[in-house]
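If you want the building blocks of each chain, they are given just below.
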2 protein chains.
Amino acid sequence: MKIGLLGCGTVGSALVQLLDADGDRLGSLLGEPLELGRILVRDLHKVRAHEVPMKLLTTELAEVIEDPEIELVVELLGPGEFALSAIESALASHKSVVTANKEILSTHFRELESAAAKVNRDIFFEAAVAGGIPLIRALRVSLFGERLTRIVGIVNGTTNYILTQMQEEHVSLETALGDAQRLGYAEADPHGDLSGRDAASKLAIIASIAFGSHVDVADVQVDGIWGVTPADFDFARRSGGVIKLLAQAERSLDSPDAPVRVEVFPAIVMSDHPLASVRGSFNAVFVEGSAVGQLMFSGPGAGGLPTASAVLADIIDAVTNLRNATRAPMRVAQGTRFVDDSSIEGVFALSVDVIDAPGVLSRVSEVFGRNLVSIARMEQDELDSELAHLVFLTHRTRLSSIRATMAQLSELSVIQRLHKVLRVLE
Amino acid sequence: MKIGLLGCGTVGSALVQLLDADGDRLGSLLGEPLELGRILVRDLHKVRAHEVPMKLLTTELAEVIEDPEIELVVELLGPGEFALSAIESALASHKSVVTANKEILSTHFRELESAAAKVNRDIFFEAAVAGGIPLIRALRVSLFGERLTRIVGIVNGTTNYILTQMQEEHVSLETALGDAQRLGYAEADPHGDLSGRDAASKLAIIASIAFGSHVDVADVQVDGIWGVTPADFDFARRSGGVIKLLAQAERSLDSPDAPVRVEVFPAIVMSDHPLASVRGSFNAVFVEGSAVGQLMFSGPGAGGLPTASAVLADIIDAVTNLRNATRAPMRVAQGTRFVDDSSIEGVFALSVDVIDAPGVLSRVSEVFGRNLVSIARMEQDELDSELAHLVFLTHRTRLSSIRATMAQLSELSVIQRLHKVLRVLE
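The rules behind these values
- Residues numbered from 1 in each chain as written.
- Chains lettered and ligands numbered in written order.
- Predicted model: local features only at pLDDT ≥ 70, side-chain atom pairs only at ≥ 80, totals over all residues.
- Heavy atoms only, no water.
- Contact = heavy atoms within 4.5 Å.
- Buried area = accessible area lost by both parts, 1.4 Å probe.
- Salt bridge = Lys/Arg side-chain N within 4 Å of Asp/Glu carboxyl O.
- Pairing = 2+ DSSP bridges.
- Helix = DSSP H or I, 4+ residues; strand = E, 2+ residues; numbered from the N terminus.
- Axes fitted to C-alpha atoms, helices over the stretch in contact; angles between N-to-C directions.
- Least-squares fit on C-alpha atoms with pLDDT ≥ 70 in both.
- UniProt positions renumbered as here; feature names shortened; annotations may be inferred.
- Buried < 20%, exposed > 50% of the residue type's maximum accessible area, 1.4 Å probe, protein only.
- Polar contact = N/O pair within 3.5 Å; in protein donor to acceptor, adjacent residues only side chain to side chain.
- Parallel < 35°, antiparallel > 145°, perpendicular 65-115°, else oblique.
- Nonpolar A, V, L, I, M, F, W, Y, C, P; charged D, E, K, R; others polar.

Asker: So what about the interface of chain A and chain B? Which residues, and what values?
Answerer: Interface size is commonly expressed as the accessible surface area that is lost when the partners come together. Counting residues at the interface gives 42 residues for chain A and 42 residues for chain B. Overall, the association of chain A and chain B removes approximately 3,400 Å² of surface from exposure, summing both partners, and the carbon and sulfur fraction of that is 62%. When the area that chain A buries against chain B is broken down by residue, the three leading residues are A:Leu29, A:Ser142 and A:Phe144, summing to 16%. The interface formed by chain A and chain B contains two salt bridges.

Here it is in structure tokens:
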């Protein structure tokens, strides 16, 4: 049995390295050799982190897909239509597929899973979410029998690195982003990470597996970290917390078709919560189920070797199933409803810069009252002789009321600036 | 396909409850009904936490083992020879086995695994270690391809509850133990937990799976929490840490047959380490591998429903394999060598009560010097007008040197009391 590899970048090279070092040992443990048959690359002569045998390289997808000795295709091509059609071709050729492609899975998971089921092959994707953390297999196998109610976690290492820098070095988002780019923790175009879109892709996959539902990245309510300021960190610190970008999926057990709520948002996390101490590029995910209670998984969220380790776990599983002519069971997708945006509730921190004059607080407070938003705490800082910075921490209230409040505040002449709204993790 | 259940105590009743609530749904997801065929109990008329159909109950093991409709036996009998022979009989009758029996697995794992392999059936035991945390499956499947180097964690909820109480309420071990017994967190005979033996059983299982080795509970170096005092917590606090009972397995990657080191010991854990914030009856386990880096798993370490959830995961896996006529792969046991006790190294905290007189510190220090134990820090507290409490924190040194130091200190006339030696987690 041979393995075809599509793409040989950071993760692909690390996988070749792991198979070089350990393939023989693993093959003998499995009773089935783990051998690379073909590697699809764009450039035959590129210098790679780990040396790859020239004779395995090809620039033609067909040479991998049409090779009858290759029973398993590992797709590490990155986003794009080419990767999607490569996965579809591999499944159509009755090959099992291992992929780390969160972009594709977050929109095409159900159709690819159906295509795999039709030919009795697996599609595995442990590496698409949370790097080296074996989260997908835990949700898919170990927690198959659980009624899961909530998954909340830090699944984007780039934003977590930036937020950790802002928290510990008291720097601005722009400075922390620049550092992250210099150190290779953030890409030249950081928008996919900072906008929350990357976390939303991962959340869509997590929620689809955890709830046996059909969640597309477009179903996720997304707010990223653009606009988070050092002043927000100061407030979080005084409140006893830090700021994290969270991905959260929730489902009630009230009825079998209860709607699902999927959101990515920056939040104040209190210091005694285990998610508060997840630093740098690490990932951590909480999983809550009705029988098991609360579990946490954490580990490296990215990086060549940790991600390749997750790919290797999938390869081993897929090879075992191919040898046994079986495939991994998957919860059938139910029709999925989503919680109406307007009924989402939470605790929020709102901050505004106002003209520092008598009566201003009363005018601002009146807007909160008009929208039935109850204030748990207020703090005021003088910015200079003319401006003050106000932060309001609400009691539990509707997101729609917060939005209305912000819209109405923006029309007050005493308001100089509306800052980003933060949630508080409950 | 029917399931035979042996034992219907806390976990057994919770399992019956889960199957009652969810068995039909899970059966239809699996394409294979999950139905209890027979339940072995000691007393047919005992009142149980969850009502069990009388017609399923039996007091005869043979009625479960010899029932041809029962293809899977779930063993929840607790420690003892009867449980071992029940598992052996079930496997001999070609039934797959799910067990939560850490006592049996920590001494008989390899022979039971061989017996299962011989008849092409599974023996699964997710619930034997760390309650509801899906650790065993992660080690066995997700990390099958990893070269694991270290597993360290908190795997005994009773001692963790007691240590958390001592830390937060500043009470003695005896007071915390009494509270734990009243609240049902500790048994009437707490010795198995407090001596470290329970943690050692779990560690033997973890190390056997993680390293593909053969570790018996008798191979584990065990020190429990008897003798830990409020003064130790004061010192830990001043050092920036807390005290936890750790189970640790290590293996070097220097050679394929590098020796294994397995230990249970109370240790000072610095507050910024994630294990420091694991409170009460929760469990948490760190796993380090050469490719994946450092992972952490945490969750409820005990309790009926969380443990039954782990049993249910095993049932689902076993049923899937029975239907596919396959079994889960298992690393073949290598001959296992253990690190010689005398070569174990660490950082230690030693404390002694001494007569408060000039020259005493020099006499004590001389003993450290004689044994080549280098001191990183010393603290002295006056206990009363005549006695002082000394705590020494060492640099990295051999355990054998610490033992020699303690033995020689015990012979000094100025020493009034030797306290428990604590390790420091590195």
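Asker: For the sheet that holds strand β6 (residues 123-124) of chain B, give the residues involved together with the corresponding values.
Answerer: Residues and elements named next belong to chain B. Taken in spatial order, the six strands make up an open sheet running β3-β2-β1-β4-β5-β6, and their pairing is parallel. The two strands at the open ends of the sheet, each matched to only one other strand, are β3 (57-58) and β6. In this fold helix α3 (residues 81-92) packs onto β1 (2-6), β2 (35-40), β4 (70-75), β5 (96-99) and β6, with an angle of close to 155° to the strand it touches most, β5.

Asker: Give me the lowdown on the relation of the copies chain A and chain B, citing residues and values where you can.
Answerer: With an RMSD of 0.1 Å, the fit of chain A onto chain B corresponds to turning through 180° and sliding 0.0 Å along the axis. The relationship between the two copies is best expressed as a two-fold rotation axis. No C-alpha of chain A approaches the rotation axis more nearly than that of A:Phe297, which lies at 2.4 Å. An overlap of 100% is found between the interface residues of chain A and their copies at the interface of chain B, pointing to a shared contact surface.

Asker: Describe the sheet that holds strand β3 (residues 57-58) of chain A, naming the residues involved and giving the relevant values.
Answerer: All names here are of chain A. Spatially, β3-β2-β1-β4-β5-β6 is the arrangement adopted by the six strands of the open sheet, whose pairing is parallel. The open sheet terminates on both sides in strands that have one partner only, identified here as β3 and β6 (123-124). As paired elements, strand β1 (residues 2-6) and strand β4 (residues 70-75) share five bridges and run parallel to each other. Bridged to Lys2 within β4 is Ile70. On top of the sheet, helix α3 (residues 81-92) reaches β1, β2 (35-40), β4, β5 (96-99) and β6; it is set at about 155° to β5, its chief contact.

Asker: Break down the UniProt feature "domain: ACT" (unreviewed entry) in chain A for me, with residues and values.
Answerer: Mapped onto this structure's residue numbering, the UniProt feature "domain: ACT" (unreviewed entry) falls at residues 349-423 of chain A. Helix makes up 29% of residues 349-423 of chain A and strand 41%, whereas the separation of the span's terminal C-alpha atoms amounts to 6 Å.

Asker: If you had to explain unusual backbone geometry to someone new, which residues and values would you point to?
Answerer: Where the residue is not glycine, phi is negative for most of them; where a peptide bond is considered, it is trans in most cases. Residue and element names in this part refer to chain A. Of note, Ala325 is a non-glycine position whose phi angle comes to about 55°, a positive value. Position of Ala325 relative to the elements: it lies in the loop between α11 (304-324) and β13 (345-355). On the basis of relative accessible area, Ala325 is assigned to the exposed category, the value being 57%.

Asker: Describe the pattern of salt bridges, naming the residues involved and giving the relevant values.
Answerer: A full pass over the atoms with the stated rule returns 54 salt bridges over all chains. Across the pair A:Asp198 and A:Lys102 runs a salt bridge, and its minimum N-O distance is 3.4 Å. Here A:Lys102 lies in helix α4 (residues 102-118) and A:Asp198 lies in helix α9 (residues 197-211), a separation of 96 residues in the sequence. Since its relative accessible area comes to 11%, A:Asp198 is described here as buried. Accessibility expressed as a relative area gives 18% for A:Lys102, which makes it buried. Among the ionic pairs, B:Arg137 bridges to B:Glu126, the shortest N-O distance being 3.5 Å. With B:Arg137 in helix α5 (residues 135-142) and B:Glu126 in the loop between β6 and α5, this residue pair connects regions lying eleven residues apart in the sequence. Each member of the pair, B:Arg137 together with B:Glu126, is buried. Via salt bridges that share partners, A:Arg150, A:Glu250, A:Arg261, A:Glu263, A:Glu288 and A:Arg423 belong to a single interconnected network.

Asker: Tell me about the environment of A:Ser213, residues and numbers included.
Answerer: Residue and element names in this part refer to chain A. Among the secondary structure elements, Ser213 is positioned in the loop between α9 and β8 (221-222). Put simply, Ser213 and Ser365 are 152 residues apart on the chain and 41 Å apart in space, counted from C-alpha to C-alpha. Within the structure, Ser213 has its side chain in polar contact with the backbone oxygen of Ala207 (distance 3.2 Å).

Asker: Tell me about the packing of helix α6 (residues 157-169) of chain A against helix α10 (residues 230-238) of chain A, residues and numbers included.
Answerer: All names here are of chain A. Two numbers describe how α6 lies on α10: the axes approach to 10 Å, and their chain directions differ by 70°. The angle between α6 and α10 places the two elements in the roughly perpendicular class. Residues Leu163, Met166 and Gln167 of α6 lie in contact with α10, whose contacting residues are Pro230, Phe233 and Arg237. The residue inventory of the contact of α6 with α10, partitioned by class, reads four nonpolar, one polar and one charged.

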